[in-house]
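One letter stands for each residue in the lines below.
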Amino acid sequence: MIVFPRAPIVAFGWCALALASLSLGHTVSGADIFFKADRVHVGDGTTVENGIVHVRDGRVVAVRDSMTIPAGATVVDLAGHEITPGLIDANSKVEPENLLRPLARAPSAVVRELFGFSPEPIQHFHDPRVCPEFASHEETAICPVCGGESIDPDAHHEETISGVSGPSAISEQSSEVVPHTAWIDAVDLASPDFERLVREGVTTIYASPDPSAVIGARGAILRTAGETRVLTREAAVKATIGSDPYRFGTFNRRPTRFSMTHFTRRPQSRMGVGWIFRKAFYDTILRAEGGTPEGADTASAEAHRVLGQVLDGTVPLRVQARTSSDIESAYRLCGEFGVPFTLVDPVEGYRVLDLLSTRRVPIVFGPIFDEPNGLSARTRESSRARLHTLRDLIATGAPIALSAQDLREEDGLARQAMMAVRFGVSPVDALQLVTRVPAEILGISDQVGTLEGGKRADLVIWNGTPFAATSAVVAVYVDGISTSDGER
């Protein structure tokens, strides 16, 4: 396996700073800062040799190979290094909380510790694979249904290889149609996950809702550092065509003679997913015409209001569909209502290239893998992945962005771009997959994505050619301010 060498974000101890007036933690009002590097990759396919990035008040003024630097200006000399725009992950799964925490302990373990007895060999942990009533568990209580079945804590941590993986759903579970809810309400902007992201050069993300609802919450467009962290509080609605709505998190259940809860509902199959999706939009149309939707699967008026905005194009829609049949269903269902959408995580996209070439819907693909891990390992929909799929998707002519989803650090977005190059994507295209194109898909290309005049000065400093196996991110600037001082 090819990996990046680890390199900490440093405050440029190896750089020559012309003036000491550069404050790493604060913007200098009206100050001009000039970043000089061996190469500046603009992000639109062009490269400036011996480039200079002129920054003022956190915005890019110009990028050129030569310019007049006024006396008294701050110069950051990055000899031997290269600059790219901040990386953008258009489908990031961020932690609602820090999931790398100790496992829950049974009351008996607490009592044993209190009286000085040796601890039990395995601490109590509710395992969703063992207990069908996992969603009703109280975190520190013994479950009356499964009797407190446990799993090996080491095995649990293997599933959280990037620190962003949980067994339960976060989205609102009272309905399968909840586009009126906002994912940002569940995101902790102080989560250490943002520190992990910015360390690898990711400065902007679409924080994606989990896939536990057929039509889920609205994601948020966030920055991983800086003073202005929220770019779009309520962005695209996340829908899911596949098995996740009835297999992920709380598990929809069939009715029994013993119990009936709000989890006893459709969908319990892909047919059910299609039914919920179509009914939600038909009910929206009916309500707009003055009718009253009915039935057990009827969503709320608030949900229909947002779906009305999806229908008229004012609220964007993204649809997760991994298998080839689910991808075809996503195109058919959205086409039935004339709804534009972004296709997310098409693992088997290589099987329906003709469809993708004809429709050219924007696509967010990734991560690239031969063996699924992280969240991808929790589904049966990733077993037929191909390493060259991204190369083939680019050939369709559709706008393509690359995502690492829940993977971080040496498995993160920079490594994903490196993997893309390894499996047939040109380095020029690879950079645009994680800068310009995701910015365009997210509708924020006027702010980020390329190093052009007027855009935010999000800069990633590399100690070599970006995405080369021997290169690493050594520093990140957000709005022209170094992130290495610990301020987020």
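Scroll up for the structure.
Residues numbered from 1 in each chain as written. Predicted model: local features only at pLDDT ≥ 70, side-chain atom pairs only at ≥ 80, totals over all residues. Heavy atoms only, no water.

### Notes on the environment of Val476
On the secondary structure map, Val476 appears in strand β18 (residues 473–478). Separated by 275 residues in sequence, Val476 and Gly201 have C-alpha atoms that sit 6.1 Å apart. (Helix = DSSP H or I, 4+ residues; strand = E, 2+ residues; numbered from the N terminus.)

### Quick look at helix α10 (residues 413–422)
Among the ten residues that make up α10, eight are buried, leaving the element largely enclosed by the rest of the structure. Listed in full, the buried residues belonging to α10 are Leu413, Ala414, Arg415, Gln416, Ala417, Met418, Met419 and Ala420. Against the buried residues of α10 lie β7 (87–92), β8 (202–207), α9 (389–394), β16 (400–402), α11 (427–433) and β17 (459–462). The first or second residue beyond α10 is Gly424, which carries a positive phi of 105°. (Buried < 20%, exposed > 50% of the residue type's maximum accessible area, 1.4 Å probe, protein only. Contact = heavy atoms within 4.5 Å.)

### Notes on the packing of aromatic side chains
Under the criterion given, the structure shown has six aromatic pairs. Taking 5.1 Å as the distance between ring centres and 50° as the angle between the ring planes, the aromatic pair formed by Phe277 and Phe281 counts as tilted. In this pair, Phe277 and Phe281 are both assigned in helix α5 (residues 270–288), four residues apart and thus about one turn of the helix distant. Here Phe277 matches Phe281 in class, with each residue buried. By the ring-pair criterion, three or more aromatic residues cluster together here, those being Phe277, Phe281, Tyr282 and Phe337. One Lys or Arg, Arg229, reaches over the ring of Phe194 and ends 5.0 Å from the middle of that ring. Sitting over the face of the ring of Tyr206, Arg318 holds its NZ or CZ atom 3.7 Å from the ring centroid. (Phe/Tyr/Trp six-rings, centres within 6.5 Å; stacked < 30°, edge-to-face > 60°. Lys NZ or Arg CZ within 6 Å of the ring centre and 35° of its normal.)

### Considering the nonpolar core
Of all hydrophobic cores here, the largest spans 77 residues; its most connected members are Ile215, Phe277, Leu317, Leu343, Leu390, Leu402 and Phe467. Filtering out sequence-adjacent residues up to four positions away, Ile215 remains in contact with Glu176, Val177, Val178, Pro179, Val237, Lys238, Ala239, Phe277, Ala280, Phe281 and Leu307. In terms of nonpolar packing, the next biggest core, distinct from the first, is built from 20 residues, Val40, Val48, Ile83 and Ala475 among them. (Core = buried A, V, L, I, M, F, W, Y, C linked by side-chain atoms within 4.5 Å.)

### Points about helix α3 (residues 192–199)
Taken together, the buried positions of α3 are Asp193, Phe194, Arg196, Leu197 and Val198. Those residues of α3 that are buried lie in contact with β7, β8, β10 (220–223) and β18. Downstream of α3 by a residue or two, Gly201 has a phi angle that is positive, lying close to 95°.

### A few points about the sheet that holds β10
Strand order in the open sheet made by the four strands is β7-β8-β10-β11, with mixed pairing throughout. At either end of the open sheet lies a strand with only one pairing partner, and these are β7 and β11 (230–232). Between one strand and the next, the sheet's axes are offset by a mean angle of 25°, whatever the strand orientation. Pairing between β8 and β10: four bridges, direction antiparallel. Within β10, the residue paired with Ile205 across the bridge is Leu222. Across the sheet, α3 touches β7, β8 and β10, and the angle it forms with β8 is around 130°. (Pairing = 2+ DSSP bridges. Axes fitted to C-alpha atoms, helices over the stretch in contact; angles between N-to-C directions.)

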